[in-house]
Amino acid sequence: MAMRTRGQYLESIRRQAPELYSFGERVTDIGSHPCLKPPLDAIGLVYELTSQTDYDDLLTAQSPFTGGRVSRFVHILSNREDLDRRFRASRYLVHKHGACIGARCVSTGALNSTYAATFDMDRRLGTNYHKRFVSFLKHVQDNDLAVAGAMMDVKGDRSKSPGGQPEPDSYLRVVEKRKDGIVVRGAKASISGAVIANEIVVLPCTALKPEEKDYAVCFAVRSDAPGVIHVAEAPGPSARRFVGDEMDYGNARYGAHGSTHVIFDNVFVPWDRVFMCGESDFAGPLVNYFALLQRLFSTACKIGHRDLLMGAAAVIADYNGVGLTRQIREKLTDFYFQSELSTGCALASIYQARKSPSGVFLPDSLYINIAKLQGVSAIWDGNYITSDIAGGLVCTAPAAKDFKNEKIGRLLDKYLRGRADIPTEHRVRMMRLIEYLTGQSSVIPVESTHGAGSPQAQRMAVQQSLMGALEQFKKDARVMAGIEEVDPKA
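Note that the structure is predicted; figures quoted are calculated from it, not measured.

For the overall build of the protein, give the residues involved together with the corresponding values.
Tallying secondary structure elements over the protein gives 16 helices and 14 strands in all. Taken over 490 residues, the protein has a buried fraction of 52%. The contacts of the protein with a sequence gap of at least 6 include a subset with a gap of at least 24, amounting to 76%. Entry remark: accessible area of the protein is about 22,200 Å², with carbon and sulfur atoms responsible for 53%. Taking the average place of the 60 positive charges on the side chains of the protein and the average place of its 55 negative ones, the gap between the two points comes to 1 Å.

Give a detailed account of unusual backbone geometry, specifying residues and quantitative values.
In this model, Lys 155 sits at a positive phi of 75°, which is unusual for a non-glycine residue. The topology assignment puts Lys 155 in the loop between strand 5 (147–150) and strand 6 (173–177). Take Lys 155: its relative accessible area is 24%, and that puts it in the partly exposed class. We note that Asn 266 has phi near 55°; this positive angle belongs to a residue other than glycine. Along the chain, Asn 266 turns up in strand 11 (residues 259–270). On the accessibility criterion, Asn 266 (40% relative accessible area) is partly exposed.

Which residues make up the sheet that holds strand 6, and what values do they have?
Strand order in this open sheet of six strands is 2-1-10-11-7-6, and the pairing throughout is mixed. Looking along the sheet, the strands with just one partner apiece sit at the ends: strand 2 (25–27) and strand 6. Looking at each pair of strands side by side, their axes are set apart by 20° on average, direction ignored. The sheet contact formed by strand 1 (residues 19–22) and strand 10 (residues 228–232) spans three bridges and is parallel. The residue bridging Leu 20 from the neighbouring strand is His 230, located in strand 10.

So what's going on with the sheet that holds strand 8 (residues 199–202)? Residues and values would help.
With mixed pairing, four strands are arranged side by side in an open sheet as 5-8-9-12. Edge positions in the sheet fall to strand 5 and strand 12 (274–277), since each of these pairs with one other strand and no more. For this sheet, the mean angle separating the axes of adjacent strands, direction not counted, is 20°. Along the sheet face, helix 5 (residues 102–125) touches strand 5, strand 8, strand 9 (217–222) and strand 12 and points at about 65° away from the line of strand 5. Of the strands in this sheet, strand 5, strand 8, strand 9 and strand 12 are in contact with helix 6 (residues 129–143), which crosses strand 12 at around 145°.

Can you break down the nonpolar core residue by residue, with the values?
One finds Tyr 9, Leu 83, Val 184, Phe 219, Val 221 and Phe 264 to be the most contacted residues of the largest nonpolar core, which totals 105 residues. No other element matches the eleven residues that helix 8 (residues 283–319) contributes to this core. Among residues more than four places away in sequence, those in contact with Tyr 9 are Arg 4, Leu 40, Ile 43, Gly 44, Tyr 47, Ala 146 and Ile 196. By size, the runner-up hydrophobic cluster in this structure holds 27 residues, among which are Ile 328, Phe 403, Val 428 and Leu 437.

Can you explain the packing of aromatic side chains? Please cite residues and give values.
A full pass over the atoms with the stated rule returns nine aromatic pairs. Ring centres of Phe 65 and Tyr 115 lie 5.9 Å apart, and the angle between their planes is 70°; on these two criteria the pair is classed as edge-to-face. Of this pair, Phe 65 sits in the loop between strand 3 (60–62) and strand 4 (69–71) while Tyr 115 sits in helix 5, placing them 50 residues apart in sequence. Taking relative accessible area as the criterion, Tyr 115 reaches 11% and is therefore assigned buried.

Pulling in residues and values, what's your account of a nonpolar patch on the surface?
A contiguous nonpolar patch, built from Phe 23, Phe 242 and Val 243 and spanning about 300 Å² of accessible area, is present on the exposed surface. Tracing the backbone through its elements, the reader meets Phe 242 in helix 7 (residues 236–243).

Describe the pairing of strand 11, naming the residues involved and giving the relevant values.
Bridging between strand 7 (residues 181–192) and strand 11 involves nine bridges; their strand directions are antiparallel. Residue pairing across strands places Gly 181 opposite Pro 270, the latter belonging to strand 11. Relative to strand 11, strand 10 runs antiparallel, the two sharing five bridges. Looking at strand 11, one finds that Val 231 is bridged to His 261.

Could you give an account of helix 5, with specific residues and numbers?
Note on helix geometry: an α-helix contains 3.6 residues per turn, so any two residues three or four positions apart are oriented the same way. In this model, helix 5 (24 residues) spans 33 Å end to end at C-alpha, consistent with the 34 Å of a helix rising 1.5 Å per residue. A bend of about 25° at Thr 108 is the largest found in helix 5. Helix 5 sits mainly inside the fold: 20 of its 24 residues count as buried. Just downstream of helix 5 lies Gly 126, where phi reads positive at about 75°.

I'd like to hear about the environment of Arg 306, residue by residue, with values.
Secondary-structure assignment places Arg 306 in helix 8. Distance from Arg 306 to Leu 437, taken between C-alpha atoms, is 8.3 Å for residues 131 residues apart in sequence. Beyond its immediate sequence surroundings of up to four residues, Arg 306 is in contact with Phe 335, Ser 339, Ser 342, Gly 375, Ala 378 and Ile 379. Reaching out from Arg 306, the side chain makes a polar contact with the backbone oxygen of Gly 375 at a distance of 3.1 Å.

Now, about the state of the cysteines: what can you tell me, with residues and values included?
Under the counting rule described, the total for this entry stands at zero disulfides. Of all cysteine sulfurs in the structure, the one in Cys 100 sits closest to Cys 35, which takes part in no disulfide; the separation is 14 Å. With no disulfide partner, Cys 105 has as its closest neighbouring cysteine sulfur the one in Cys 301, 6.0 Å distant.

Tell me about the pattern of salt bridges, and name the residues and values.
Applying the stated criterion across every chain, the model contains 26 salt bridges. Between Arg 240 and Glu 435 there is a salt bridge, and its shortest N-O distance comes to 2.9 Å. Here the residue Arg 240 occupies a position in helix 7, and Glu 435 occupies one in helix 14 (residues 424–438), the gap between them amounting to 195 residues. A residue is classified by how much of its surface remains accessible, and Arg 240, at 23% relative accessible area, is partly exposed. Ionic pairing is found between Glu 246 and Arg 429, a salt bridge with its closest N-O pair at 2.6 Å. Placement of Glu 246 in the loop between helix 7 and strand 11 and of Arg 429 in helix 14 is noted, with a sequence separation of 183 residues between them. For Arg 429, a relative accessible area of 26% gives the class partly exposed.

Calculation criteria
Residues numbered from 1 in each chain as written. Predicted model: local features only at pLDDT ≥ 70, side-chain atom pairs only at ≥ 80, totals over all residues. Heavy atoms only, no water. Helix = DSSP H or I, 4+ residues; strand = E, 2+ residues; numbered from the N terminus. Buried < 20%, exposed > 50% of the residue type's maximum accessible area, 1.4 Å probe, protein only. Contact = heavy atoms within 4.5 Å. Areas by Shrake-Rupley, 256 points an atom, 1.4 Å probe, with all protein chains shown as cover. Lys, Arg positive; Asp, Glu negative; His and termini not counted. Charge placed at Lys NZ, Arg CZ, Asp CG, Glu CD. Pairing = 2+ DSSP bridges. Axes fitted to C-alpha atoms, helices over the stretch in contact; angles between N-to-C directions. Core = buried A, V, L, I, M, F, W, Y, C linked by side-chain atoms within 4.5 Å. Phe/Tyr/Trp six-rings, centres within 6.5 Å; stacked < 30°, edge-to-face > 60°. Patch = residues over 30% accessible without salt bridge, like charges linked within 9 Å, V, L, I, M, F, W, Y side chains within 5 Å. Salt bridge = Lys/Arg side-chain N within 4 Å of Asp/Glu carboxyl O. Expected span 1.5 Å × (residues − 1). Bend = angle between axes of the 7 residues up to and from the residue. Polar contact = N/O pair within 3.5 Å; in protein donor to acceptor, adjacent residues only side chain to side chain. Disulfide = S-S within 2.5 Å.

Take a look at the structure:
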């Protein structure tokens, strides 16, 4: 089968019937759900772009397993160029959707780390996990499936290891072994795109002791398999999608994250889909493989989000009437500098990549961890800078329905306008986009920034104080340098 179109992907998800709950209700139609349609459309966009020949080098690769072109998201990374292209693909695609495409993005880390770890196990233990996994990989590539990766357990008491938990299901574990497969129970938390993926690859999330072998389990399962229960996330902005319209969303078409908490309620997994079962010594290396790869691609994704945020900051400065004044340029330069430090370290991790025994290339541990840490710092700094530039309307804009109200709509249009030649609606839409990109669904962060005066007002007050004291500071410096004598009367 050739790579799927957007329509074929969407139809495959509509045919699935996962057990999904959102805001306390069972969801029967994912395609029309206000909080799930946006991420579904974002994945659909990736399929659409991948099917276009203009994106062959960036979004597809030649598979040694099928002999044909496959999505780069399900490709095994066999050299540094694969790492580089995959990194650049993530950054580029975020410019198109501004959202989360976990059902595609995490495929790379889940598939490559499992490929590498099963190779290691077979080589040392004589198991046949790798052969099983390659068969599953061919199935994924032949059918161009969307694959989510589920690693993060709910963890319970963080001071205790998996085997020491008061609730033994705090980490997903094998509860029964049968001739035809295993039964697992537990939960994976905040799994991006799990309910809009065709398959989920489940991995352990930490190194394990020999007595914790029941937790050393890796397998693949359909997202709608019996016993797999999805509970959708419910961040504040998602609730707005039930009562507002697209002007309120910020990212009007895509936007929502679409992660679910995935509960495995005695789920049966046949042996041909089990890729680790009890080999506790290999849980830590598998986690490390996944972490290195996912940190690289997560870094790329967040660079793309910061690019969008810088663009939004520049646009709102223009809409507010200040344009690219020196003050705005300096703030954006600081933001760009911090962001591209993360990019540089990520590229260094690719340049210093090493080949695992399986042939999978892995980014350098030092540089990719620096890149991820720097990227997190840059996005928080960028959120502050952008909120500073935008103003308090980021968190206080009225709803779209208020602008449509017969009495107050014209008043809001008049009083919330910035530049006279920019429609008020455009200004509010850009504020909503900034609210979305900075995660400011609560009034507290922006209100803390702008309440009692904007940061620039505080800077001016500090500057005035400095100017009053500076002459004395300068005089003291001249005395210290021997340029002036000490005034005995001072």
